[in-house]
Amino acid sequence: SDDLTTVNQQNMDVAVQIAAKAIVGYSAGVKHYFPFVLPFYTEKDPRGRIRYFGLTSKDGSPNLSLAAYVQAGKILAGAPQRDVKFLAFDHGFKALIPSDENIVIAVYNNSNGKKAFPTGAMYAEGVDGRRIEKEQSDFLPDEKLVYFYFSKEEHTAANHFFSEKM
């Protein structure tokens, strides 16, 4: 239904915002970030519309926002803050996030351009942590934040992709 499509789009938008703010904040030296409130609750806006808040659903199960927050935290936790690099572009940003195991490049792109795997990337993960294999390229249509994983040996390809204009 149209209502379900709207709710799903809003969930994706909020999830992307939460994860993107975590990445931007971490790259800027912010030590702690928590996106508002964990439990579900509602309130009415000035026009009388019900607004939904929280990182969990009414039944207490995690929603997409919580998955995105956990995914961003997992990726950032492996990288010393001083080693994270950040580039802003007209339609988003890229963050190079190195860890002991690999190099992750977070790409936030708020244009509706087609996503493609960069040369040298092993695989990607969606905003919610779902693995996206190179052969499948099954990005969600409105997924504006994707994490590309490079091996340490592919650091040249990772750096090239990171510095490439979006």
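Note: the structure precedes this text.
(A) How the structure looks around the pattern of salt bridges. Under the counting rule described, the total for this entry stands at four salt bridges. Note that Asp128 and Arg130 form a salt bridge whose closest N and O atoms lie 2.5 Å from each other. Owing to a relative accessible area of 26%, Asp128 belongs among the partly exposed residues under this scheme. In this structure, the salt-bridge partner of Glu133 is Arg131, at a minimum N-O distance of 2.6 Å.

(B) Focus on the sheet that holds strand β3 (residues 85-89). The six strands lie next to each other as β3-β4-β5-β8-β6-β7, forming an open sheet whose pairing is antiparallel. Strands at the two margins of the open sheet, each flanked by one partner only, are β3 and β7 (131-133). With strand direction ignored, the average angle separating the axes of adjacent strands in the sheet is 20°. Examined bridge by bridge, β3 and strand β4 (residues 92-98) share five bridges and lie antiparallel to one another. Within β4, the residue paired with Leu87 across the bridge is Lys94. The sheet strands contacting helix α2 (residues 64-77) are β4, β5 (102-109), β6 (123-126) and β8 (145-151), and the helix crosses β8 at an angle near 30°.

(C) Focus on the side chain of Thr56. Looking at the secondary structure, you find Thr56 in the loop between β2 (50-53) and α2. Among the polar contacts made by the side chain of Thr56, one reaches the main-chain carbonyl oxygen of Leu38 at a distance of 3.2 Å. Here Phe40 takes part through its backbone nitrogen, which lies 3.3 Å from a polar atom of the side chain of Thr56.

(D) Looking closely at the environment of Phe86. Along the chain, Phe86 falls in strand β3. Sequence-wise, Phe86 and Ile97 are eleven residues apart; in three dimensions their C-alpha atoms are separated by 8.9 Å. Not counting residues within four places of it along the chain, the set of residues in contact with Phe86 comprises Val24, Ser27, Phe93, Lys94, Ala95 and Phe162.

(E) Highlighting the packing of aromatic side chains. The full count for this structure, using the stated rule, is eight aromatic pairs. With centroids separated by 5.5 Å and ring planes inclined at 85°, the aromatic side chains of Phe34 and Tyr69 adopt a geometry described as edge-to-face. Note that Phe34 is positioned in the loop between α1 (2-27) and β1 (41-44) and Tyr69 in helix α2, a separation of 35 residues in sequence. Phe34 gets classed as partly exposed once you look at its relative accessible area, which sits at 44%. With 4.6 Å between their ring centres and 10° between their planes, Tyr123 and Tyr149 make a pair best called stacked. Here the residue Tyr123 occupies a position in strand β6, and Tyr149 occupies one in strand β8, the gap between them amounting to 26 residues. Aromatic rings pair up to connect Phe117, Phe148, Phe150 and Phe161 into one cluster. Cation over ring: Lys94 sits above Phe161, and NZ or CZ is 4.1 Å from the ring centre.

Reading the values: rules and limits
- Residues numbered from 1 in each chain as written.
- Predicted model: local features only at pLDDT ≥ 70, side-chain atom pairs only at ≥ 80, totals over all residues.
- Heavy atoms only, no water.
- Salt bridge = Lys/Arg side-chain N within 4 Å of Asp/Glu carboxyl O.
- Buried < 20%, exposed > 50% of the residue type's maximum accessible area, 1.4 Å probe, protein only.
- Pairing = 2+ DSSP bridges.
- Helix = DSSP H or I, 4+ residues; strand = E, 2+ residues; numbered from the N terminus.
- Axes fitted to C-alpha atoms, helices over the stretch in contact; angles between N-to-C directions.
- Contact = heavy atoms within 4.5 Å.
- Polar contact = N/O pair within 3.5 Å; in protein donor to acceptor, adjacent residues only side chain to side chain.
- Phe/Tyr/Trp six-rings, centres within 6.5 Å; stacked < 30°, edge-to-face > 60°.
- Lys NZ or Arg CZ within 6 Å of the ring centre and 35° of its normal.

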